[in-house]
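Structure assessment
Listed below, chain by chain, are the residues.
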Amino acid sequence: MQSHQIDFSKGSIRKNVWQVAAPMLVAQLLNLLYNIVDRIYIGMLPGEGTFALAGLGLCFPIITFITAFANLFGLGGAPLFSIQRGKGDLKEAGHIMGTSFVMLIITGVALTVVGMFFQKPLLYLFGASDLTYSYAGDYMVIYLIGTVFVMISLGMNPFINSQGYARIGMLTVLFGALSNIVLDPVFIFVFHMGVRGAALATILSQGLSAVWVLRFLTGKQAELTLKRESMRLSAIRIKKIMALGSSSFFMSCTDSMVQVACNKMLYLFGGDIYISVMAVISSIRQIAQTPVMAVTDGVSPVISYNYGAGNDRRVKEAIKLITFVSIFYTTLVWFLLLIFPEFFIGIFNRDAQLIKTAVPALHVYFFGFFMMALQFAGQSVFKALNKAKHAVFFSLLRKAIIVVPLTLFLPHVGGLGVMGVFMAEPISNVIGGTACFVTMLRVVLPELKKREKNSMA
């Protein structure tokens with residue numbers, strides 16, 4: 001297992017970001033395959049694909065909630081870890097990584113136990129019917145068994161990337177994704193396990209990724225490794241990690257809230273087929289936003305390291321780069337989705353009625369998608385610079401304060417019905433994205449300018 005470590009303090013910012021973002025892009029695209037491949041195969045099940053897809057869509061809020069805890073300790077600990085590396089305090093960086101690991105294991109076990117007890121009432125609460133629960137329950141029970149694998153692979157991989165080993169981070173996901181691609185059709189079609197086979201393939205794949213992460217972080221090639229003495233829990237460290245990770249945590253939690261609200265309102269105003277439509281549109285959105293999220297994730301350790309090292313000029317260069325790339329990419333994606341909606345919908349289901357229903361919904365949902373670029377850029381900078389309060393606020397603003405109320409309110413206005421559900425997203429992109437980015441500029445740039453003046457005095 002060969003590794004190449006990137007020095008964030010040298011070379012051009014564009015090169016640093018690309019060196020991290022390129023492997024991250026591959027890794028995130030592969031990571032996307034975990035669930036996307038499941039949805040593609042399940043959507044193609046003869047005679048039951050549409051409702052099986054709806055059942056899988058009902059599981060999204062619980063899966064997203066589990067991911068939220070992986071982000072809480074993984075994405076919360078990694079920027080702090082990078083800042084300490086930038087300062088040269090490797091001992092404290094090691095303690096931060098060890099604390100994050102222990103908390104990921106504890107929460108993973110807790111989520112498994114709680115999830116097993118409450119998955120059935122939760123799925124019905126989220127909009128399941130007797131028909132769709134038969135699929136959702138089968139998938140969810142098996143998926144919950146692999147929760148600890150998910151926590152380790154998703155939560156600890158950022159600590160590999162934060163040390164500059166982006167290729168190793170990419171391989172973490174590669175092995176899991178490839179195994180999922182191979183195992184999915186075997187379990188689903190050869191062994192005739194249906195959605196249960198998709199869930200089993202997913203948790204086995206996540207298990208392989210978890211083993212890879214632990215092998216590297218406990219081996220000799222990592223600059224900083226997981227050590228038993230660094231795993232002693234400290235309330236102060238946990239608080240710091242959770243404070244910074246709460247942005248990503250609340251972002252995932254509010255995503256879960258939005259999914260629940262959407263499924264409930266879509267079932268009420270349109271029935272099971274609209275839950276299938278939302279499952280497809282959510283999958284398309286994941287594909288669409290993955291590259292820009294890879295770039296924002298790639299710039300984060302570069303910003304954090306240079307901020308800790310006092311290289312403010314490089315921090316500003318990174319902010320400019322991420323803003324330009326995010327706006328250019330999301331604008332391009334928006335036009336592609338407007339022009340070729342049937343192509344993207346057909347990846348997951350080719351039922352004529354579903355495609356006819358999904359096309360207008362997709363056009364409304366992705367209207368003004370380029371405004372999401374401002375949210376991506378602003379949130380990335382806030383998290384990288386340990387601006388926890390700002391990151392949390394704008395996570396809550398767009399989803400909990402704007403999207404959820406609009407999702408519940410708009411279907412009742414002027415006979416909008418299901419289209420009111422899909423309209424909530426573009427409205428939140430405009431308001432939330434603008435507010436986040438403008439605030440980032442007004443808060444971060446003056447601080448960096450002041451730090452530069454102080455360093456020159």
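Just above sits the structure.
Nothing here was measured: the structure is a model prediction, and the numbers come from that model. (Residues numbered from 1 in each chain as written. Predicted model: local features only at pLDDT ≥ 70, side-chain atom pairs only at ≥ 80, totals over all residues. Heavy atoms only, no water.)

**A word on the overall build of the protein chain**
- Helix and strand counts for the protein chain come out as 15 helices and zero strands.
- Here the protein chain has a C-alpha radius of gyration of 21 Å; the compact-globule value for 457 residues is 23 Å, and the two agree.
- Viewed in the frame of its principal axes, the protein chain has a C-alpha envelope of about 70 × 45 × 35 Å.
- Counting across all 457 residues of the protein chain, residues that qualify as buried make up 60%.
- For the protein chain, restricting intrachain contacts to residue pairs at least 6 apart in sequence, the fraction spanning at least 24 positions comes to 82%.
- For the protein chain, the accessible area works out to roughly 18300 Å², and carbon and sulfur atoms hold 68% of it.
- Taken as two groups, the 36 positive and 20 negative side-chain charges of the protein chain have centres that lie 10 Å from each other. (Helix = DSSP H or I, 4+ residues; strand = E, 2+ residues; numbered from the N terminus. Rg over C-alpha atoms; globule rule 2.2 N^0.38 Å. Buried < 20%, exposed > 50% of the residue type's maximum accessible area, 1.4 Å probe, protein only. Contact = heavy atoms within 4.5 Å. Areas by Shrake-Rupley, 256 points an atom, 1.4 Å probe, with all protein chains shown as cover. Lys, Arg positive; Asp, Glu negative; His and termini not counted. Charge placed at Lys NZ, Arg CZ, Asp CG, Glu CD.)

**Details of helix H5 (residues 147-161)**
- Helix length check: H5 (15 residues) gives 22 Å between terminal C-alpha atoms against 21 Å at 1.5 Å per residue, within 8%.
- Taking burial as the measure, the 15 residues of H5 include 12 buried ones, the bulk of the element.
- Of the positions making up H5, those classed as buried are Thr 147, Val 150, Met 151, Ile 152, Ser 153, Gly 155, Met 156, Asn 157, Pro 158, Phe 159, Ile 160 and Asn 161. (Expected span 1.5 Å × (residues − 1).)

**Here's the deal with the nonpolar core**
- Among the nonpolar cores identified, the biggest contains 141 residues, and Leu 123, Tyr 139, Met 156, Ile 284, Ile 303, Ile 345 and Phe 422 are the most heavily contacted of them.
- It is helix H2 (residues 49-87) that contributes the most residues to this core, 17 residues altogether.
- In this view, Leu 123 contacts Leu 58, Cys 59, Ile 62, Ala 128, Tyr 133, Ala 136, Gly 137 and Met 140; residues no more than four positions away in its chain are not counted. (Core = buried A, V, L, I, M, F, W, Y, C linked by side-chain atoms within 4.5 Å.)

**Quick notes on the pattern of salt bridges**
- Counting across every chain of the model gives nine salt bridges.
- Among the ionic pairs, Glu 223 bridges to Arg 85, the shortest N-O distance being 3.0 Å. You can see Glu 223 sitting in the loop between helix H7 (194-217) and helix H8 (235-269) and its partner Arg 85 sitting in helix H2, a full 138 residues away along the chain.
- Since its relative accessible area comes to 10%, Arg 85 is described here as buried.
- Measuring nitrogen to oxygen at the nearest pair gives 2.3 Å for the salt bridge that ties Lys 387 to Glu 447. (Salt bridge = Lys/Arg side-chain N within 4 Å of Asp/Glu carboxyl O.)

**Here we look at the packing of helix H13 (residues 372-384) against helix H14 (residues 388-409)**
- Direction vectors running N to C along H13 and H14 enclose 155 degrees, while the axes themselves pass 8 Å from each other. By the angle between their axes, H13 is roughly antiparallel relative to H14. The handedness of the crossing between H13 and H14 is left-handed. Contacts between H13 and H14 involve Met 372, Gln 375, Gln 379, Phe 382 and Lys 383 from the first element and His 390, Ala 391, Phe 394, Ser 395 and Arg 398 from the second.
- Residue composition of the contact of H13 with H14, by class: four nonpolar, four polar and two charged. (Axes fitted to C-alpha atoms, helices over the stretch in contact; angles between N-to-C directions. Parallel < 35°, antiparallel > 145°, perpendicular 65-115°, else oblique. Left-handed = near helix turned anticlockwise from the far one by under 90°. Nonpolar A, V, L, I, M, F, W, Y, C, P; charged D, E, K, R; others polar.)

**Comments concerning the environment of Val 403**
- Looking at where Val 403 falls in the secondary structure, it is placed in helix H14.
- Those residues within four positions of Val 403 in sequence are excluded, and the remaining contacts are Val 258, Arg 398, Ala 424, Glu 425 and Ser 428.

**Thoughts on the packing of helix H3 (residues 90-125) against H5**
- In the contact formed by H3 and H5, the axes pass within 8 Å of each other and the chain directions differ by 160 degrees. Here H3 lies roughly antiparallel to H5, going by the angle between them. Considering the relative orientation of H3 and H5, their crossing is right-handed. Of H5, the residues touching H3 (which contributes Met 97, Ser 100, Phe 101, Leu 104, Ile 105, Thr 107, Gly 108, Val 109, Leu 111 and Thr 112) are Thr 147, Val 148, Met 151, Ile 152, Gly 155, Met 156 and Phe 159.

**Looking at the packing of aromatic side chains**
- Inspection of every chain in the model, using the stated rule, returns 19 aromatic pairs.
- For the ring pair Tyr 41 and Phe 189, a centre distance of 5.8 Å and an interplane angle of 75 degrees mean the geometry is edge-to-face. With Tyr 41 in helix H1 (residues 13-43) and Phe 189 in helix H6 (residues 166-190), this residue pair connects regions lying 148 residues apart in the sequence.
- Classification of Phe 189 as partly exposed rests on a relative accessible area of 30%.
- Between Trp 334 and Phe 370, the ring centres sit 5.5 Å apart and the planes meet at 35 degrees, which makes this aromatic pair tilted. (Phe/Tyr/Trp six-rings, centres within 6.5 Å; stacked < 30°, edge-to-face > 60°.)

**Some details on the side chain of Thr 64**
- Positionally, Thr 64 belongs in helix H2.
- Owing to a relative accessible area of 15%, Thr 64 belongs among the buried residues under this scheme.
- If we ignore the near neighbours within four places in the chain, the residues touching Thr 64 are Ser 252, Asp 255, Ser 256 and Gln 259.

**Quick look at unusual backbone geometry**
- Although it is not a glycine, His 192 sits at a positive phi angle of roughly 55 degrees.
- By secondary structure assignment, the location of His 192 is in the loop between H6 and H7.
- Looking at His 192, the relative accessible area reads 67%, which means it is exposed.

**Re H6**
- If you check H6, its first and last C-alpha atoms are 36 Å apart, about what 25 residues at 1.5 Å a residue would give, namely 36 Å.
- At Leu 183, H6 shows its largest kink, close to 30 degrees, and the proline Pro 185 lies no more than four residues downstream.
- Of the residues trailing H6, His 192 is marked for its positive phi of about 55 degrees. (Bend = angle between axes of the 7 residues up to and from the residue.)

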